[in-house]
Amino acid sequence: MIGIRILSLLSMALAVATFARADGNSELPFALANRAPLVAIYGLPMAQSGRLLGVGEQRWSLGITVANSFRVPPPESNEAIYLDGETSNARLGWRRGLARRFELGLELPIVHHSGGFLDSLIDGFHSTFGFDRADRDRVPNDELYYQYARDGRLLLNMNEGGTGIGDAQLLAGVQLWEADDRWLAARLGVKAPTGDADYLYGSGGWDSSLALHWADRASGGRYRLNYELAVGALYTSDGEVLPELRRNWMAYGLSLIHISEP
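Small disclaimer: the values here were computed from a predicted structure and weren't measured. (Residues numbered from 1 in each chain as written. Predicted model: local features only at pLDDT ≥ 70, side-chain atom pairs only at ≥ 80, totals over all residues. Heavy atoms only, no water.)

Help me understand the packing of aromatic side chains, please; the structure alone is not making it clear to me.
A ring pair, where both rings are aromatic, is described by two values, the distance of the centres and the angle of the planes. Evaluation of the coordinates by the stated rule reveals 8 aromatic pairs. Between tyrosine 199 and tyrosine 201, the ring centres sit 5.8 Å apart and the planes meet at 20°, which makes this aromatic pair stacked. Assessed through its relative accessible area of 38%, tyrosine 199 is described here as partly exposed. Linked through ring pairs, Phe125, Phe129 and Phe131 together constitute an aromatic cluster. (Phe/Tyr/Trp six-rings, centres within 6.5 Å; stacked < 30°, edge-to-face > 60°. Buried < 20%, exposed > 50% of the residue type's maximum accessible area, 1.4 Å probe, protein only.)

The structure is reproduced here in structure tokens:
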């Protein structure tokens, strides 16, 4: 989606998500998506199910993710991306089944950028298991630097933390087919530029997504296999964050398998 190759990005995500539906008979996919600071500002949807809420059902959710990002640029490169920081994202969501086969929802995020607290934990994990530290020993822990330079020009420079409202999303879904614990839905998302792009709370532009979602709860046997599959497209307007380096269209997909007792 962004015309920048992030070759080494270490992310740790901690999430609090709602799994139970209003009817209590189904599970939802773990609500995660790419939370890298230069990706999360766009309208890439969180994981969603192919099964929609029934008429009159509604669900409130609160999801919290913490992404620790680190990358230092290689020497003598005409493109240099420097990521060292932590981004927390708290999302308040609401969804309701308005009519047969139709669902409407809204998500409002609160974004917090900081030096964080996970650097020491990640370094300790790498040392304990003998993993490459990915140049983390070159910089102090718990600092915040999100920078991008190209051909000697500094195009992005953010080193001050803060908290603000992110880009809100309006969500809609249509149940296209359902039978025998299998569901197919089309889901639409529209993201509005309600967050301040100067502080990477948002992109500064409108985004929209459209995807097909498949949910399967019909697998038998001693243990039940629950599948969630999706494929879709995302369009992002140029916005205010590195607009000259971006691609407006991207494809995305989702594949989740959950094993549970029947």
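Still more to cover.
Help me understand the pattern of salt bridges, please; the structure alone is not making it clear to me.
Two side chains with opposite charge may pair up if their charged atoms get near one another. Counted according to the given criterion, the structure contains 7 salt bridges. Here lysine 191 ties to aspartate 167 by a salt bridge, and the two come within 2.4 Å at their closest N and O atoms. Of this pair, lysine 191 sits in strand β8 (residues 182-191) while aspartate 167 is found in the loop between β6 (162-165) and β7 (169-179), placing the two residues 24 residues apart along the sequence. Among the ionic contacts, a cluster of salt bridges with common partners joins Arg95, Glu103, Glu107 and Arg187. (Salt bridge = Lys/Arg side-chain N within 4 Å of Asp/Glu carboxyl O. Helix = DSSP H or I, 4+ residues; strand = E, 2+ residues; numbered from the N terminus.)

Explain the pairing of β7 here, please?
Regular strands place their side chains on alternate faces of the sheet. Bridge analysis of strand β3 (residues 102-114) against β7 gives 6 bridges, and the strand direction is antiparallel. In the strand pairing of β7, leucine 104 is matched with alanine 172. The pairing of β7 with β8 spans 10 bridges and is antiparallel. Counterpart to glutamate 178 in the pairing with β8 is tryptophan 183. Hairpin connection from β7 to β8: 2 residues lie between these consecutive antiparallel strands, with aspartate 180 at a positive phi of about 55°. (Pairing = 2+ DSSP bridges.)

How should I be thinking about helix α1 (residues 119-129) in this particular structure?
The α-helix advances 3.6 residues per turn, and as a result positions three or four apart in sequence lie on the same side. For α1, the set of buried residues is Asp119, Ile122, Asp123 and His126. Mapping the buried residues of α1 onto a view down its axis gives an arc of 100°, with all of them on the same face. Summarising the geometry of α1, the exposed residues directed more than 90 degrees from the buried face are Leu121, Thr128 and Phe129. Here the buried face of α1 lies against β1 (58-71) and β2 (79-99). In the stretch just after α1, glycine 130 is the one whose phi turns positive, near 70°. (Arc of directions from axis to C-beta. Contact = heavy atoms within 4.5 Å.)

Is there a simple way to explain the side chain of aspartate 84 in this structure?
Within the element layout of this structure, aspartate 84 appears in strand β2. If sequence neighbours within four positions are ignored, aspartate 84 has contacts with Ser69, Phe70, Asp119, Val139, Pro140, Glu143, Leu144, Tyr145 and Tyr146.

Which parts of the structure should I look at to understand the confidence of the model for the chain?
Detailed reading of the predicted model is not advised wherever pLDDT is low. Scored by pLDDT, the chain has a mean of 83; 86% of the residues are at 70 or more. For residues 1-26, every residue scores under 50 in pLDDT, and the model assigns this stretch 87 contacts once sequence neighbours within four places are set aside. (pLDDT = per-residue confidence, 0-100.)

I would appreciate a short explanation of empty space enclosed by the protein in the present structure.
A water-sized probe rolled over the atoms picks out the places where empty space is left. Summed over the entire model, instances satisfying the criterion amount to 3 cavities of 30 Å³ or more. Volume-wise, the second largest cavity comes out at about 230 Å³. Arg35, Ala40, Asn89, Pro109 and Asp167 are the residues nearest the centre of the second largest cavity, which is lined by 24 residues in total. Secondary structure elements with two or more residues in the lining of the second largest cavity: β2 and β3. Residues belonging to the lining of the second largest cavity are distributed by class as follows: 12 nonpolar, 7 polar and 5 charged. (1 Å grid on protein atoms, 1.4 Å probe; cavity = no way out; pocket = protein on both sides within 12 Å on 5 of 7 lines; lining within 4 Å. Points joined across faces, edges and corners; volume = space filled by probe spheres on them. Nonpolar A, V, L, I, M, F, W, Y, C, P; charged D, E, K, R; others polar.)

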